[in-house]
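# Structure at a glance
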Amino acid sequence: MLKKLTQLAMTAAVLVTPMALAAQDFTIRATANSNTDDEDYDGLVVFKDYVEAASNGRIAVELFIGTQLCATGEECLEGVSEGSIDVYISTSGGAAGIFPYVQVLDLPYLMSSDRVAEAVLQGDFVRTMRDMALADSGNTIRLMTIGNTGGWRNFANTERRVQTPADLQGLKLRTVVADLPIQLVEAMGASATPIQWPELFTSLQTGVVEGTANGITDIMNMKFPDAGLQYLTLDGHSYMGALWWMNNDAFLAMPDDLRRVVVDGFAALQQATFASPKRKSIAAYEAFVAGGGDLYVPSPAEKALFAEAAAPVYDWFSANVQGGPDMLTALQEAVAKVEADMAAGYESDLN
C-alpha cells in the first residue's frame, strides 16, 4: 500500500506545474461518507463558508456527502493520495489500515472529558501525527486537524443493563474493522464481530450482534433502538476523533496567504465539530429515554473497573502497532500537560 502511495506521490508531483503554482483560482473537492445530519457535514459547511469568504472567492469548496467519490476509508485515502479527492474525513478505524498508529485515539479511558480532548487536539500532538502520516504516505496525505464525529463511544446493547465489565461477558458486540476495538471488546470478555457501518442496523435486528460502541447521536440518527438497542452505559471509553485529511500537493500548490486561509478554515471546522455533538446529544438522549431506553451512568468505582479491564489493550497497542509506542507517549504527554494546565486554572478560578 505504501509503495503505491509513494508512486502516486511521484505522479502527483509531476502534475504541479509553474502555471498551477501561479494560478489564483483553486477548487477543493471535499467528501464525507455520512449524511447532512452528521457533525462531519456541519464542519464542512463551516469550512466552505469560511474559506470561500476569507479567500475572497479565490478558493471554491465543493462538498460531496455520502459515497459519491469513494466508499471505504482505504479507497478514500487513496483518492486523497492520488489527488482525485482533496479533503476527506475518516474515523481512526477508517484510516488504521494505512496509518495504524491513529488507533491511539481509540485507546480507552485515556482522555477524561471534552475539555481535555479538545485541548489535546488543538496542540502539538496533531502535528506529530501529521509528520508521521506525511512520511508514511510519501508526502501525499496531510492531516489538517482532528475534530469530533459523534461525542464519546459508549457501550450499548439489546440484552441488559451494563454496570461493570462482568455484565459484558458473552455479549456479541459489533466493532469497526480495525484491530484495537476488537482487542478492547475481547478484554471486556465480550465477543467481537467486525461489521461495516451500513450493515449494523440489520445485524442488531437479526441478532448477528447484540451490541455496539457508539455515541448517542449516531445511535439515534441510525434508529438503532428500532432494531432492539435499548441499553446504553455512559462509560465514555473513547473520544470519537475525526481525522481530516488533505492532498498535500493541493495544499502546497497554494500561495502562503491562501494556505493560511485553509488552515484557519480547518480550525473553524474543528470548533464546529466540537460543538455539534454536544448540542445534538441533548435531544438524542431525551428521545432514547422517551422510547423506553435504559440509560446508565457508572459510578467512579464502576468506571475504575472498566479501566482496569481495558489495561491489556495498552500493552497490545505498544507491542503490535507500528509507531504505536511513540504515538502513545505523545498522547499521554499531551494529556498530562493539559490536565496540569487545567488543575492550575481550577486553582485560580475556584478561589
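Please refer to the structure placed before this passage.
Residues numbered from 1 in each chain as written. Predicted model: local features only at pLDDT ≥ 70, side-chain atom pairs only at ≥ 80, totals over all residues. Heavy atoms only, no water.

Here the focus is the overall build of the chain. In terms of regular secondary structure, the chain is built from 14 helices and 9 strands. For the chain, the C-alpha radius of gyration of 20 Å lies close to 20 Å, the compact-globule estimate for 351 residues. The buried share among the 351 residues of the chain stands at 51%. Of the contacts made within the chain by residues no fewer than 6 positions apart, 76% connect residues no fewer than 24 positions apart. As presented, the chain carries roughly 15,100 Å² of accessible surface, and 53% of it is formed by carbon and sulfur atoms. The centroid of the 22 positive side-chain charges in the chain is displaced by 3 Å from the centroid of its 44 negative side-chain charges. (Helix = DSSP H or I, 4+ residues; strand = E, 2+ residues; numbered from the N terminus. Rg over C-alpha atoms; globule rule 2.2 N^0.38 Å. Buried < 20%, exposed > 50% of the residue type's maximum accessible area, 1.4 Å probe, protein only. Contact = heavy atoms within 4.5 Å. Areas by Shrake-Rupley, 256 points an atom, 1.4 Å probe, with all protein chains shown as cover. Lys, Arg positive; Asp, Glu negative; His and termini not counted. Charge placed at Lys NZ, Arg CZ, Asp CG, Glu CD.)

Another aspect to go through is the packing of helix α8 (residues 179–187) against helix α13 (residues 300–320). Contact geometry for α8 and α13: axes closest at 8 Å, N-to-C directions at 150°. Comparing their axes, α13 and α8 come out roughly antiparallel. As α8 runs across α13, the sense of the crossing is right-handed. Two secondary-structure elements touch here, α8 through Asp179, Leu180, Gln183, Leu184 and Ala187 and α13 through Ala309, Ala310, Val313, Trp316 and Phe317. Partitioned by chemical class, the residues of the contact of α8 with α13 number 8 nonpolar, 1 polar and 1 charged. (Axes fitted to C-alpha atoms, helices over the stretch in contact; angles between N-to-C directions. Parallel < 35°, antiparallel > 145°, perpendicular 65-115°, else oblique. Left-handed = near helix turned anticlockwise from the far one by under 90°. Nonpolar A, V, L, I, M, F, W, Y, C, P; charged D, E, K, R; others polar.)

Structurally, Tyr50 is set in helix α3 (residues 39–54). On a C-alpha basis, the gap between Tyr50 and Thr175 in space is 35 Å, while along the polypeptide they are 125 residues apart. Contacts of Tyr50, omitting those with residues within four sequence positions, involve Val261, Asp264 and Gly265.

All right, on to unusual backbone geometry then. The backbone of Asn56 sits at a positive phi, close to 55°, despite the residue not being glycine. Residue position: Asn56 is located in the loop between α3 and β2 (59–65). Backbone geometry places Asn139, a non-glycine residue, at a positive phi of 60°. Mapped onto the elements of the fold, Asn139 is located in the loop between α7 (124–136) and β4 (141–157). Judged by its relative accessible area of 46%, Asn139 is partly exposed.

Attention shifts here to the packing of aromatic side chains. Tallied over the full model, the rule gives 6 aromatic pairs. Their ring planes at 40° and their centres at 4.5 Å tell us that Phe47 and Phe266 sit as a pair that is tilted. Of this pair, Phe47 sits in helix α3 while Phe266 sits in helix α12 (residues 256–290), placing them 219 residues apart in sequence. Here Phe47 matches Phe266 in class, with each residue buried. Seen in terms of ring centroids, Phe155 and Phe306 are 6.4 Å apart; in terms of plane orientation they differ by 25°. Their pairing is stacked. Pair noted here: Phe155 is in strand β4 and Phe306 is in helix α13, with a separation of 151 residues, a long-range link. The same class applies to Phe155 and to Phe306, which are both buried. Among the aromatic residues, those joined into a cluster by ring pairs are Phe99, Tyr101 and Trp245. (Phe/Tyr/Trp six-rings, centres within 6.5 Å; stacked < 30°, edge-to-face > 60°.)

Below, the discussion takes up the state of the cysteines. Overall, the coordinates contain 1 disulfide when judged by the stated rule. Disulfide partner of Cys70: Cys76, at an S-S distance of 1.9 Å. For the disulfide bridge between Cys70 and Cys76, the dihedral angle about the S-S bond is near 105°, and by the sign convention the bridge is right-handed. Here Cys70 and Cys76 have matching classes, each one buried. (Disulfide = S-S within 2.5 Å.)

Time to look at the pattern of salt bridges. On inspection of all chains with the given rule, the structure shows 8 salt bridges. For Arg58, the salt bridge identified is with Asp257, shortest N-O distance 2.8 Å. Pair noted here: Arg58 is in the loop between α3 and β2 and Asp257 is in helix α12, with a separation of 199 residues, a long-range link. Since its relative accessible area comes to 41%, Asp257 is described here as partly exposed. With a closest N to O distance of 2.7 Å, Asp124 and Arg127 form a salt bridge. Of this pair, Asp124 and Arg127 both sit in helix α7, 3 residues apart, which is roughly one turn of that helix. (Salt bridge = Lys/Arg side-chain N within 4 Å of Asp/Glu carboxyl O.)

For α8, every residue scored as buried is listed here: Leu180, Pro181, Ile182, Leu184 and Val185. Among the structural elements, β4, β5 (172–175), β6 (191–194), β8 (231–247) and α13 are those in contact with the buried residues of α8. Backbone geometry just after α8 places Gly189 at a positive phi near 90°.

Put simply, α7 and helix α14 (residues 324–349) touch, their axes get as near as 9 Å, and they point 165° apart. Classed by the angle they form, the pair α7 and α14 counts as roughly antiparallel. Our pair here, α7 against α14, has a crossing hand that is right-handed. On the side of α7, the interface is formed by Phe125, Thr128, Met129 and Met132, while α14 contributes Met327, Ala330, Leu331 and Ala334. Looking at the contact of α7 with α14 residue by residue, the classes come out as 7 nonpolar, 1 polar and no charged.

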